[in-house]
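Examination of the molecular architecture
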2 protein chains.
Amino acid sequence: MARRHIRLDVQYDGTNYAGFCIQPGVPTIQGEMETALGKLLGEPVHLVAASRTDAGVHALGQVVAFFTERRVPVGRFPQALNDLLPRDIAVVAAAEVPEDFHPRFDAIGKLYTYRILNRPVRSPIICRYAWHVSEPLDLRAMRRAAEALVGEKDFAAFCAAGGAARTTVRNLYRLDLDTNADVIELRLGADGFLYMMARIIVGTLVEVGLGRRHPAEMDEILASRDRRRAGKTAPPEGLCLVRVDY
Amino acid sequence: MARRHIRLDVQYDGTNYAGFCIQPGVPTIQGEMETALGKLLGEPVHLVAASRTDAGVHALGQVVAFFTERRVPVGRFPQALNDLLPRDIAVVAAAEVPEDFHPRFDAIGKLYTYRILNRPVRSPIICRYAWHVSEPLDLRAMRRAAEALVGEKDFAAFCAAGGAARTTVRNLYRLDLDTNADVIELRLGADGFLYMMARIIVGTLVEVGLGRRHPAEMDEILASRDRRRAGKTAPPEGLCLVRVDY
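What counts and how
Residues numbered from 1 in each chain as written. Chains lettered and ligands numbered in written order. Predicted model: local features only at pLDDT ≥ 70, side-chain atom pairs only at ≥ 80, totals over all residues. Helix = DSSP H or I, 4+ residues; strand = E, 2+ residues; numbered from the N terminus. Rg over C-alpha atoms; globule rule 2.2 N^0.38 Å. Contact = placed C-beta atoms within 7 Å. Domains from an automatic or database assignment. Nonpolar A, V, L, I, M, F, W, Y, C, P; charged D, E, K, R; others polar. Pairing = 2+ DSSP bridges. Least-squares fit on C-alpha atoms with pLDDT ≥ 70 in both. Axes fitted to C-alpha atoms, helices over the stretch in contact; angles between N-to-C directions. Parallel < 35°, antiparallel > 145°, perpendicular 65-115°, else oblique. Left-handed = near helix turned anticlockwise from the far one by under 90°. Core = buried A, V, L, I, M, F, W, Y, C linked by C-beta atoms within 7 Å. Buried ≥ 20, exposed ≤ 12 C-beta atoms within 10 Å, placed from the backbone. Arc of directions from axis to C-beta.

1. Things to note about the overall build of chain A
Across its full length, chain A holds five helices and 10 strands. Over its C-alpha atoms chain A spans a radius of gyration of 19 Å, differing by no more than 12% from the 18 Å that the globule rule assigns to 246 residues. Overall, chain A is about 60 × 40 × 30 Å in size when its C-alpha atoms are taken along their principal axes. Put simply, of all contacts in chain A between residues at least 6 apart along the chain, 72% involve residues at least 24 apart.

Structure below.
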């Protein structure tokens, strides 16, 4: 029997998960999804994801794929899986894809958002999906620093140890900041992201916004290729994988 | 030493709480807040709230008050309490109020919102703060039914057993529906709400929106004063106490 290759588009609130990748003894997105798929299909299922999001990171546009020999109509997957999944994970679309489709290797771009709540008092609702920075941020300085990071560059300084990438050169084709009342939203688009790259970029920009660094430092940090020269890693709750492009 | 009366404006994500009111063995908003105040002031504190929100209900504008003999400057309360409170509860303002201020009895009006996600697929992020109704809702019919409920009326049919109100007459001065993409937001303003009143009104309007009831039934339901004539109680996650007016 021919096996089918199914793509699922997935959203999740990452707050209560130790990240996408399955790990023993802790709740993970992959673990919950493979359990639900196993129940639905009556066979063990292995998922491959576009992005191995870290603990606490959210997704509105994660893409995963798996093989199955079962004849479940593809249109039935979202509802059937949502009935089995916890409330904080949802499948929003399903499609049959070619045998050789790979959610990660075939991606030509990814878009993340990072939200910051910038006001003295935190918010129990916004802070679930935003980093609370209580001191005022200088957005103009942050935008100037952001501009210096855009382009095809070596982001070794903005990469935590533990990644498996062969090269640290990435094309960060988009990095802009918008504000809505006291929420700042950064959008980061690249052909790929190194381990912790989005959060180290945001952490560095926030240090610029707080006046602790000058926007002109960005070139030196990039040139150093030294993780210790960049800023602290921003916390996970502000980060959301919005879209994967193929 | 003169005792001071302090008002706090409080926001919370009610998902993980058994409601505002303290109960043994379960997490409650009142329990968390009294614990934090006790730590801060070194004395037991008893809170009075404007609204005893139910399990799973959220708040952006809850008002509470307590007495203390401690000299903590009133402006220090928000930050000091937020450092002690869980992430899903936040104090956004504090003020000294007259001895005879009562958060509940002095309220002349309350505004709630109720959000519905109306589309086939649920959302892990929106559904934390919205009721997911997968079948399409007829908004025009819902608005017509809503109009019939506005005014000073006897809401006995829209009140669950277990409340302590002396009269079931309330002035529902506002009940309107707005939509933003696939999210419907209802705003309910009244001089007071009976036990479960907001959620029974929403549950009834949704039955109208699904075509299971006719908008013209509202008058009969009100006249019956019979809870069994109204619709099912809508789930708590869509409800949020937005503002209390004094």
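Next comes the rest of the account.
2. With respect to the domain arrangement of chain A
Residue and element names in this part refer to chain A. Each assigned domain of chain A is listed with its residue range as follows: domain 1 (4-96) and domain 2 (109-245). Distance between the C-alpha centres of domain 1 and domain 2: 27 Å. Tallying the contact residues gives 15 residues for domain 1 and 11 residues for domain 2. When grouped by side-chain class, the residues that make up the side of domain 1 that touches domain 2 number six nonpolar, eight polar and one charged.

3. Here we look at the pairing of strand β8 (residues 169-180) of chain A
Remark: a regular strand shows side chains that alternate across the two faces of the sheet. Residue and element names in this part refer to chain A. Two elements, strand β7 (residues 151-154) and β8, share four bridges in a ladder whose sense is antiparallel. Each residue of the ladder has a partner; that of Glu152, found in β8, is Asn171. The pairing of β8 with strand β9 (residues 183-190) spans eight bridges and is classified as antiparallel. Opposite Asn180, over in β9, you have Val183 as the bridge partner. In this structure, the hairpin formed by β8 and β9 is closed by a connection of two residues, where Ala181 is found at a positive phi of approximately 55°.

4. Side note on the relation of the copies chain B and chain A
With an axial shift of 0.0 Å and an RMSD of 0.0 Å, the rotation relating chain B to chain A amounts to 180°. In the structure described here, the two chain copies are related by an operation that fits a two-fold rotation axis. Looking at the interface residues of chain B, 100% of them are also at the interface in chain A, so both copies use one shared face.

5. What about the packing of helix α1 (residues 29-41) of chain A against helix α2 (residues 77-84) of chain A?
All names here are of chain A. Two elements in contact, α1 and α2, have axes separated by 9 Å at closest approach and are oriented at 115°. In this view, α1 runs roughly perpendicular relative to α2, as classed from their interaxial angle. Crossing of α1 against α2: the hand is right-handed. On α2, the residues that touch Ala36, Leu37, Lys39 and Leu40 of α1 are Ala80, Leu81 and Leu84. When the residues that make up the contact of α1 with α2 are grouped by side-chain class, the tally is six nonpolar, no polar and one charged.

6. Considering the nonpolar core
Counting residues in hydrophobic clusters, the biggest one holds 64 residues, and the most contacted among them are Phe158, Leu188, Met197 and Ala198 of chain A. With eight residues, the top contributor of residues to this core is helix α4 (residues 197-209) of chain A. In this structure, this core is formed jointly by two domains, domain 1 (4-96) and domain 2 (109-245) of chain A, each of which donates at least three residues. Grouped together as the second largest cluster of nonpolar side chains are 63 residues, Ile6, Tyr129, Ala146 and Phe193 of chain B included.

7. Focus: the interface of chain B and chain A
At the junction of the two partners, chain B supplies 18 residues and chain A supplies 18 residues. Elements supplying a minimum of two residues to the side of chain B that touches chain A: β1 (4-12), α2 (77-84) and β4 (89-96) of chain B. Among the elements that make up the side of chain B that touches chain A, the one with the highest residue count is β4 of chain B (three residues). Class assignment of the residues belonging to the side of chain B that touches chain A gives a composition of nine nonpolar, four polar and five charged.

8. Description of α2 of chain A
All names here are of chain A. Listed in full, the buried residues belonging to α2 are Phe77, Pro78, Leu81 and Asn82. Each buried residue of α2 sits inside an arc of 120° when the element is viewed along its axis, so together they form one side. Tucked into the core, α2 has its buried residues touching β1 (4-12), α1 and β4 (89-96).

9. Section: the packing of helix α3 (residues 139-149) of chain A against α4 of chain A
Residues and elements named next belong to chain A. With their axes 8 Å apart at the nearest point, α3 and α4 run at an angle of 140° to one another. With respect to α4, the element α3 is oriented oblique. Crossing geometry of α3 relative to α4 is assigned as right-handed. Residues Leu139, Ala141, Met142, Ala145, Ala146 and Leu149 of α3 touch α4, and the partners they reach there are Ile201, Leu205, Val208 and Gly209. Among the residues making up the contact of α3 with α4, the classes are represented as nine nonpolar, one polar and no charged.

10. Brief notes about the environment of Asp245 of chain B
Residue and element names in this part refer to chain B. Within the element layout of this structure, Asp245 appears in strand β10 (residues 239-245). Along the sequence, Asp245 and Ile108 sit 137 residues apart, while their C-alpha atoms lie 5.7 Å from each other. In this structure, Asp245 is in contact with Ala107, Ile108 and Gly109, ignoring residues within four places of it in sequence.

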